[in-house]
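# Chains, contacts and geometry: an overview
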Amino acid sequence: MRIKGCVTVVTGASSGIGRATALALARRGARLVLVARDAEALGVVAVQCTSLGGTAAVVPADVTDAAAVDRAAEIAVQRFGRVDAWVNAASVIAFGSFLDVPLADTRRVLDVNVMGAVHGCRAALPRMIERNRGVVVTVSSILGVIAQPYGSSYAMSKFALRGLGGSLREELRLAGVRGVKVCTVLPAAIDTPIWRDAANHTGRRARAIPPVYAPERVARIIVNQIRFPRREVVAGGLLGRALLAQYKISPGSAERLLARDVEHLGFSREPVPTSPGNLYRPARGPREVHGGWHGRRRERTRRLLGLGALGVLSAVVRRRAG
């Protein structure tokens, strides 16, 4: 699908991956409907999108409200005539052991992450099926393949999103709807505010587990999914793919490796009070794409180290060949 003029609804558009995706689409001339709870932040994103060459309408809404999400689709049709693409990027997380996280917080994570995507799909798909054209992209996670400790509700939600995508793909195929595609993106640890804004019941500050990647990487992949839809795409570089490959060969060892990283790298020693974070209301302060984990810089550093190692290896091979 051509991005210029593509009418795209993006949920979770006020910060993180959703905001990065909206900006990436705007640079290519997309027509956007931006959905999130924070009306003020959405207004800022809309101005940015317009300055980049896109067109944007804003719909302040909580994705757990099915009627509000459907209204976003209706506004897209009223304003731009159709819905070409829908990006389910709204997501929250609660850190803590399974028994320590309040049941209400667990339910809220599932409501936002899973039912939010369900509401998005139910709003988008009928309008796409009517035209036999459209793409739905849902942001899951590598944690939807390999679950982490101290984040069970988030892992459950990301597993569920992969299941939702698989079911919808088969239903569309069996119904003979070939022009509508359902895709899933699996990011690794991404430099967004989700770590700072999360609900936290661990007593320690949450940290992004390296390797950390820039949200712009995920945004590029989402844009490419709209252009050339594929079933599932990993957004995590070589190390993320290596972990998934290890999981296929030895699931237990991959789970233990991730658990070790979470235990030793996922939380600082700095004590923090228990907090519901942004589960029930938007986080305070300005909304941002990045979370302060230097994803871009770390990606560049890894790339340079990789090129350096490749250069050394090439020199060794040439020397031995000579």
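Computed from a prediction, not measured in an experiment: that's the story for all the values here.

Within this structure, the stated rule accounts for three aromatic pairs. Between Phe 95 and Trp 195, the ring centres sit 6.2 Å apart and the planes meet at 15°, which makes this aromatic pair stacked. Separated by 100 residues along the polypeptide, Phe 95 in strand β5 (residues 94-95) and Trp 195 in helix α6 (residues 194-197) bring together distant segments of the chain. A single burial state applies to Phe 95 and to Trp 195, both of which are buried. Members of the aromatic cluster, joined through ring pairs, are Phe 95, Tyr 150, Trp 195 and Phe 267.

Let's shift gears to the sheet that holds strand β1 (residues 7-11). The strand order across the open sheet formed by seven strands is β3-β2-β1-β4-β6-β7-β12, and the pairing between neighbours is parallel. Across the chains shown, the open sheet's two edge strands, defined by having one partner strand only, are β3 (55-60) and β12 (232-235). The sheet shows a mean angle of 15° between the axes of neighbouring strands, direction not considered. Relative to strand β6 (residues 134-139), strand β4 (residues 85-88) runs parallel, the two sharing four bridges. Of the residues in β6, the one forming a bridge with Val 87 is Val 137.

What follows deals with the pairing of strand β2 (residues 31-36). β2 sits mainly inside the fold: five of its six residues count as buried. Pairing between β1 and β2: five bridges, direction parallel. Across the sheet, residue Val 9 finds its bridge partner in β2, namely Val 33. Tracing the backbone out of β1, into helix α1 (residues 16-27) and back to the parallel element β2 gives a crossover that is right-handed. Pairing geometry for β2 and β3, over six bridges, is parallel. For Arg 31, the partnering residue across the bridge sits in β3 and is Thr 55.

What counts, and where the lines are drawn
Residues numbered from 1 in each chain as written. Predicted model: local features only at pLDDT ≥ 70, side-chain atom pairs only at ≥ 80, totals over all residues. Heavy atoms only, no water. Phe/Tyr/Trp six-rings, centres within 6.5 Å; stacked < 30°, edge-to-face > 60°. Helix = DSSP H or I, 4+ residues; strand = E, 2+ residues; numbered from the N terminus. Buried < 20%, exposed > 50% of the residue type's maximum accessible area, 1.4 Å probe, protein only. Pairing = 2+ DSSP bridges. Axes fitted to C-alpha atoms, helices over the stretch in contact; angles between N-to-C directions. Right-handed = clockwise from strand over helix to strand, strands pointing away.

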